[in-house]
Every structure is written in structure tokens, then in C-alpha cells.
Amino acid sequence: EKIAMTTPVYMKNNDNSNTMEFVMPSSYKLESISKPNDDNVILYESQAKHFACVRYGGYSNSSKFESNSKKLIEKLSELNIKTVGDLFYVSYNSPYKVFNRRNEVMIEIEYLD
């Protein structure tokens with residue numbers, strides 16, 4: 001079954017690997033999704049978390065990611081908000097969309113109710 005591209009697409013670049021995560025439409029349940037044909041594709045249900053982000057436009061690149069990451073970390077530090085894990089990049093548009101692109105740099109934060 002074909003489905004439309006989901007948004008956002010989460011992208012993480014580590015020293016040893018790059019990962020891309022897709023969000024499935026809410027009408028799908030983990031138990032009913034077809035099993036992947038490739039061992040490198042993993043299905044999982046994520047837990048609810050709190051994130052801080054900075055939004056930016058255009059096509060993303062390492063320079064934009066780094067400058068917006070710096071802005072985000074500086075603001076969180078200024079507000080004494082603790083972070084969890086690594087920064088990552090989120091894209092909301094297909095690679096073919098040229099104008100009004102939406103990107104975010106995100107990081108999980110400690111949030112106390």
C-alpha cells in the first residue's frame with residue numbers, strides 16, 4: 001500500500017552512521033504495519049517526550065544546522081533548561097519543494113510538570 005510522504009522526517013548524523021525516521025499516519029498501528037524487507041529498517045513506537053527547537057527555512061545544510069544548533073543551545077542555557085541526548089534535524093518538506101521550506105533543529109529537554 002502506498003502512503004503519502006509523512007512529516008516530519010527526523011534525521012540524525014552520528015560519527016558512524018546516518019539515520020532517517022519517518023512518522024507513520026495515526027491510522028496505522030505497530031501490529032498492523034507490514035514487516036520491512038531490509039534488516040536495516042526497524043519499526044518501533046516512540047514514547048512521548050518534550051523537545052526544544054529552532055525553525056529555519058530553505059534547504060538545510062551543515063552550516064545552517066550548526067548556526068541554528070548554536071542558537072538553540074545558547075537559549076536553553078540562558079533559561080537553565082537541561083538537555084537530553086544529541087541535537088538532530090527535522091525536515092517537513094519533500095526534496096522537490098523549493099519555496100517556503102520548513103526545517104528544525106531539535107533536542108530533547110528535561111521537563112518537570
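All values reported here derive from a predicted model rather than from experimental measurement.

Participant: Can you explain the packing of aromatic side chains? Please cite residues and give values.
Facilitator: A complete count under the given rule lists two aromatic pairs for this structure. An angle of 40° between the planes, with centres 5.7 Å apart, marks the rings of Tyr 10 and Phe 88 as tilted. Taken together, the positions of Tyr 10 in strand S1 (residues 9-13) and Phe 88 in strand S4 (residues 83-91) put the pair 78 residues apart, joining distant regions of the chain. Since its relative accessible area comes to 23%, Tyr 10 is described here as partly exposed.

Participant: Go over the pairing of strand S5 (residues 103-109) with me, naming the residues and quoting the values.
Facilitator: The side chains of a regular strand alternate between both faces of the sheet. Among the seven residues in S5, seven count as buried, and that is most of the element. Of the two faces of S5, the one lined by Asn 103, Val 105, Ile 107 and Ile 109 and the one lined by Glu 104, Met 106 and Glu 108 are each fully buried. Strand direction decides the pairing type here: strand S3 (residues 51-56) and S5, joined by six bridges, are antiparallel. Across the sheet, Arg 55 pairs through a bridge with Glu 104, a residue of S5. Pairing geometry for S4 and S5, over six bridges, is antiparallel. Across the sheet, Thr 83 pairs through a bridge with Ile 109, a residue of S5.

Rules used in this analysis
Residue indices follow the written sequence of each chain, beginning from 1 at its first position. In keeping with the model being predicted, local features are shown solely for residues with a pLDDT of at least 70 and side-chain atom pairs are shown and tallied solely at 80 or more, while totals for entire chains, interfaces and linings include all residues. Working from all heavy atoms in the structure, the side-chain values ignore hydrogens and water. Any Phe, Tyr or Trp ring, taking Trp's six-membered ring, that has another such ring centre within 6.5 Å forms a pair; planes under 30 degrees apart are called stacked, those over 60 apart edge-to-face, and the others tilted. Starting at the N terminus, helices and strands are each numbered in turn, a helix being any DSSP run of H or I of at least four residues and a strand any DSSP run of E of at least two. Here the term buried applies to any residue with accessible area under 20% of the maximum for its type, exposed to any over 50%, and partly exposed to those in between, with areas from a 1.4 Å probe on protein chains only. A strand pair is defined by DSSP finding two or more bridges across the two strands.

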